[in-house]
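# Summary of the model geometry
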Amino acid sequence: DVKVTQSSRYLVKRTGEKVFLECVQDMDHENMFWYRQDPGLGLRLIYFSYDVKMKEKGDIPEGYSVSREKKERFSLILESASTNQTSMYLCASRADRGPFFGSGTQLSVL
Amino acid sequence: QKEVEQNSGPLSVPEGAIASLNCTYSDRVSQSFFWYRQYSGKSPELIMSIYSNGDKEDGRFTAQLNKASQYVSLLIRDSQPSDSATYLCAVKPGGYQKVTFGIGTKLQVIP
């Protein structure tokens, strides 16, 4: 079975902090994704990566950056967390047969 | 116009009925189409994928695709209370890895 592991289920941070969300997949997938999900707005793509060190902006990249130094790991970075970044963050891998999601990280920025 | 459009619902159907969930998309080069089920507090789970025009059946689920009309649907036969969830439609263009989701339709199956 595909496994996508997100490092934290719940996270509470302060405004202005630098926040790292980690995601690891164990199926050697080339493609990895970061989405955020908000009530009434659905799943919105922040960034995706199609290879090591390769990344592309999604629909809402502002305020975020990503890092993919190894194939299995894709990190989302909030350079200076703000309250409007309070959300559920979902990592996924694979694309051609549909993204497979991790269990998500509920981030609260106070 | 949103890339992937769904009615947010809720769609209420009685137990045992057929639930019909609809999705339209704007990008004509879309090649892959997916349906996800998301229970409250959980992450989305892939339940169906479809790549060519017509119907694809898997158990109680049938996905229907009409590329000319840019329309994809999901039918759930013999709906059960356990089917109550939000159903997300997703599309992917050929040769490009970005996958775009609709807002999701909340389905309520009434016992």
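Placed above this text is the structure.
We now turn to the structure provided with this report. What you are looking at is a predicted structure, and each value in this text was computed from that prediction instead of being measured.

### Things to note about the overall build of chain A
In terms of regular secondary structure, chain A is built from zero helices and 12 strands. Each helix and strand of chain A, ordered N terminal to C terminal, gives the series β-β-β-β-β-β-β-β-β-β-β-β. Projected onto the principal axes, the alpha-carbon positions of chain A cover approximately 35 × 25 × 25 Å. Looking at chain A as a whole, 50% of its 110 residues are labelled buried. Carbon together with sulfur atoms contributes 50% to the accessible area of chain A, which is approximately 5,300 Å² in total. If the 16 positive side-chain charges of chain A are averaged to one point and the 15 negative ones to another, these points end up 4 Å apart.

### So, the state of the cysteines
Residues and elements named next belong to chain A. Considering all chains together, one arrives at two disulfides over all chains under this definition. Covalently, C23 is tied to C91 through a disulfide, its sulfur atoms 1.9 Å apart. When the S-S torsion is -80 degrees, as for the bridge of C23 with C91, the disulfide is left-handed. Of this pair, C23 sits in strand β4 (residues 23–25) while C91 sits in strand β10 (residues 87–93), placing them 68 residues apart in sequence.

### What to know about the side chain of D38 of chain A
Residues and elements named next belong to chain A. In this fold, D38 is placed in strand β5 (residues 32–38). Assessed through its relative accessible area of 11%, D38 is described here as buried. In this structure the side chain of D38 is engaged in a polar contact, spanning 2.8 Å, whose partner is the side chain of S87. Aside from chain neighbours lying at most four places away, what touches D38 is R44, T86 and S87.

### Some thoughts on the pairing of strand β11 (residues 105–110) of chain B
Along any regular strand the residues' side chains alternate between the sheet's two faces. Residues and elements named next belong to chain B. Where burial is concerned, the two faces of β11 differ: the one with T105, L107 and V109 is buried and the one with K106, Q108 and I110 is not. As judged from the three bridges shared by strand β9 (residues 85–93) and β11, these two strands associate in the antiparallel manner. Looking at the pairing, T86 lines up with K106 of β11.

### Examining the environment of S67 of chain A
Residue and element names in this part refer to chain A. Within the secondary structure layout, S67 lies in strand β8 (residues 64–70). Separated by 13 residues in the primary sequence, S67 and M54 place their C-alpha atoms 8.7 Å from one another. Apart from residues lying up to four places away in sequence, S67 is in contact with R73, F74, S75 and I77.

### Observations regarding the nonpolar core
All names here are of chain B. W35, V72, L74, I76 and Y87 are the most contacted members of the largest nonpolar core, which totals 23 residues. For this core, the secondary-structure elements that each account for two or more residues are β3 (19–25), β4 (30–38), β5 (45–50), β7 (61–66), β8 (71–76), β9 and β11. Residues in contact with I76, not counting those within four places in the same chain, are A17, I18, A19, L21, R60, F61, D83, Y87 and L107.

Definitions and cut-offs
Residues numbered from 1 in each chain as written. Chains lettered and ligands numbered in written order. Predicted model: local features only at pLDDT ≥ 70, side-chain atom pairs only at ≥ 80, totals over all residues. Heavy atoms only, no water. Helix = DSSP H or I, 4+ residues; strand = E, 2+ residues; numbered from the N terminus. Buried < 20%, exposed > 50% of the residue type's maximum accessible area, 1.4 Å probe, protein only. Areas by Shrake-Rupley, 256 points an atom, 1.4 Å probe, with all protein chains shown as cover. Lys, Arg positive; Asp, Glu negative; His and termini not counted. Charge placed at Lys NZ, Arg CZ, Asp CG, Glu CD. Disulfide = S-S within 2.5 Å. Polar contact = N/O pair within 3.5 Å; in protein donor to acceptor, adjacent residues only side chain to side chain. Contact = heavy atoms within 4.5 Å. Pairing = 2+ DSSP bridges. Core = buried A, V, L, I, M, F, W, Y, C linked by side-chain atoms within 4.5 Å.

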